[in-house]
Amino acid sequence: MRKDIKVGCQTFTWEMLGNAWTGTVDDLLSAISAGGYSGIEITDTMIGRYGADPHAFANALRDCGLTLVSFAFGSKSGFTVADAIKDDLATAKRWIDYAAHFPGALISIGSATVVSDGPRDDKFAIAGEFYNRAGELGKAAGVEVAVHPSSHHNTLLFDRADYDRIFTLLDPSLVGWVPDTGHILRGHADMLDTMRTYQDRVRYLHLKDVDAQGRWAMLGKGVLDTPAVIDLVSAAPHFNGWLVLEEESETAGADPAAAVKANRQTMRGYGA
């Protein structure tokens, strides 16, 4: 395992609670810092009052000893509606410009999702166009852009055939990949083969576990071969060293802060 591995936390563990979460973005930073993490990936939903003030967010991160690994965003269009490309690119530019204030931070764009009727071929083409054009915006601003496929409801990017299809459409010089182990395990017969095939596109990694039935599990409690995945991405030519833990299990739903702290302790057992 690489000695320069860094461990961050994704804020979706709180976001998934919806209205049941009544805390603030500062509460998130405090919990993640107290959990032993050195980095954070935050979303457009959870950025809160800092969304219009990157300098204030930088100060808040510094006070908590955290680095912004990535800023993640999605769209109600699922990035598969042609008429929404203009607005989606405007949103992408907004967050790319925001991330540019944080050296080394990436932009993670959510999975293409089916939100309307029509041929799947058309939706892949629209998503591919959007991701590439967003990548061009990122390149112009000096911010790397990566796609984050998921296995959630109506995703366009679920199984190996879907990954093969979207990666054929994406320019690897413009758009990287944030593999998410939990989502890949739910849709791919051989996760490690998928990751080896597209290893050169990996920018950083989302670590998430599932049980044998594909239900979210705490890290180390499911079927994920965590050491093998870490070794694989560590050898990826464009991997930046960040492992971002994202927890969606029922355990996390009951107590997000305790769950992410437990996952951080699990990672220490893997030497990270």
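Calculation rules
Residues numbered from 1 in each chain as written. Predicted model: local features only at pLDDT ≥ 70, side-chain atom pairs only at ≥ 80, totals over all residues. Heavy atoms only, no water. Helix = DSSP H or I, 4+ residues; strand = E, 2+ residues; numbered from the N terminus. Rg over C-alpha atoms; globule rule 2.2 N^0.38 Å. Buried < 20%, exposed > 50% of the residue type's maximum accessible area, 1.4 Å probe, protein only. Contact = heavy atoms within 4.5 Å. Areas by Shrake-Rupley, 256 points an atom, 1.4 Å probe, with all protein chains shown as cover. Phe/Tyr/Trp six-rings, centres within 6.5 Å; stacked < 30°, edge-to-face > 60°. Pairing = 2+ DSSP bridges. Axes fitted to C-alpha atoms, helices over the stretch in contact; angles between N-to-C directions. UniProt positions renumbered as here; feature names shortened; annotations may be inferred. 1 Å grid on protein atoms, 1.4 Å probe; cavity = no way out; pocket = protein on both sides within 12 Å on 5 of 7 lines; lining within 4 Å. Points joined across faces, edges and corners; volume = space filled by probe spheres on them. Nonpolar A, V, L, I, M, F, W, Y, C, P; charged D, E, K, R; others polar. Core = buried A, V, L, I, M, F, W, Y, C linked by side-chain atoms within 4.5 Å. Right-handed = clockwise from strand over helix to strand, strands pointing away.

Looking now at the overall build of the protein chain. Scanning the protein chain from N- to C-terminus turns up 11 helices and 10 strands. Scaling as 2.2 N^0.38, a compact globule of 272 residues should have a C-alpha radius of gyration of about 19 Å, and the protein chain matches this with 17 Å. Within the protein chain, the proportion of its 272 residues that are buried is 53%. The contacts of the protein chain with a sequence gap of at least 6 include a subset with a gap of at least 24, amounting to 79%. Working note: accessible area of the protein chain is about 11,400 Å², and carbon and sulfur atoms make up 49% of it.

Looking now at the packing of aromatic side chains. Any aromatic ring pair is given by two values, namely how distant the centres are and how the planes are angled relative to each other. Tallying each qualifying case throughout the model produces 16 aromatic pairs. Pairing phenylalanine 79 with tyrosine 131 gives two aromatic rings, centres 6.0 Å apart and planes at 50°, and the pair type is tilted. Taken together, the residues phenylalanine 79 in the loop between β3 (67-73) and α4 (85-99) and tyrosine 131 in helix α5 (residues 120-141) connect sequence positions 52 residues apart. Relative accessible area serves as the criterion here: at 1%, tyrosine 131 is assigned to the buried category. On the basis of an interplanar angle of 90° and a centroid distance of 6.4 Å, the ring pair of tryptophan 177 and tyrosine 198 is categorised as edge-to-face. With tryptophan 177 in strand β6 (residues 175-177) and tyrosine 198 in the loop between α8 (191-197) and β7 (205-207), this residue pair connects regions lying 21 residues apart in the sequence. Classification of tyrosine 198 by relative accessible area gives buried; the value is 11%.

Reading across the sheet, the eight strands line up as β6-β5-β4-β3-β2-β1-β10-β7 and stay open at both edges, with parallel pairing between neighbours. Since the sheet does not close on itself, it has two edges, and those belong to β6 and β7, each with one partner. Taken over all neighbouring pairs, the strand axes of this sheet differ in orientation by 30° on average, direction set aside. Bridging between strand β1 (residues 6-10) and strand β10 (residues 242-245) involves four bridges; their strand directions are parallel. Along β10, the bridge assignment pairs glycine 8 with valine 244. Its contacts with the sheet place α4 against β3, β4 (106-110) and β5 (145-148), and it is angled at close to 175° to β3.

UniProt records the feature "domain: Xylose isomerase-like TIM barrel" (unreviewed entry) at residues 31-267, using the numbering of this structure. For residues 31-267, the helix share is 43%, the strand share is 15%, and the end-to-end C-alpha distance is 17 Å.

For the rest of this paragraph, the subject is unusual backbone geometry. With a phi close to 60°, phenylalanine 79 is a non-glycine residue in the positive phi region. The buried category is assigned to phenylalanine 79, whose relative accessible area is 2%. In this model, asparagine 154 sits at a positive phi of 70°, which is unusual for a non-glycine residue. With respect to the helices, strands and loops of the structure, asparagine 154 is situated in the loop between β5 and α6 (160-169). Taking the relative accessible area as the measure of exposure, asparagine 154 reaches 39% and is therefore partly exposed.

Bringing the layout of surface pockets into the picture now. Using a probe with the size of a water molecule, rolled over the atoms, empty space left in the structure can be pinpointed. Counted as a void, the largest pocket has a volume near 550 Å³. Looking at the lining of the largest pocket, the elements that each hand over two or more residues are α1 (12-15), β2 (39-43), β3 and β4. Broken down by element, the residue count for the lining of the largest pocket peaks at three residues, all from β4. For the lining of the largest pocket, the per-class residue count stands at four nonpolar, 16 polar and six charged.

This part takes up the nonpolar core. Ranked by internal contacts, the top residues of the largest apolar core, which has 74 residues, are Phe57, Ile107, Tyr131, Leu207 and Leu243. By size, the runner-up hydrophobic cluster in this structure holds seven residues, among which are Leu106, Ala146, Tyr204 and Trp242.

With five of its five residues buried, β4 lies for the most part within the structure. Burial of β4 is two-sided: the residues Leu106, Ser108 and Gly110 facing one way and the residues Ile107 and Ile109 facing the other way are all buried. As for the winding sense of the linkage, the β-α-β connection from β3 through α4 to β4 is right-handed. Where β4 and β5 come together, four bridges link them in parallel fashion. Each bridged residue has a counterpart across the sheet, and for isoleucine 107 the counterpart in β5 is valine 145. A crossover links β4 with its parallel partner β5, the connecting element being α5, and its sense is right-handed.

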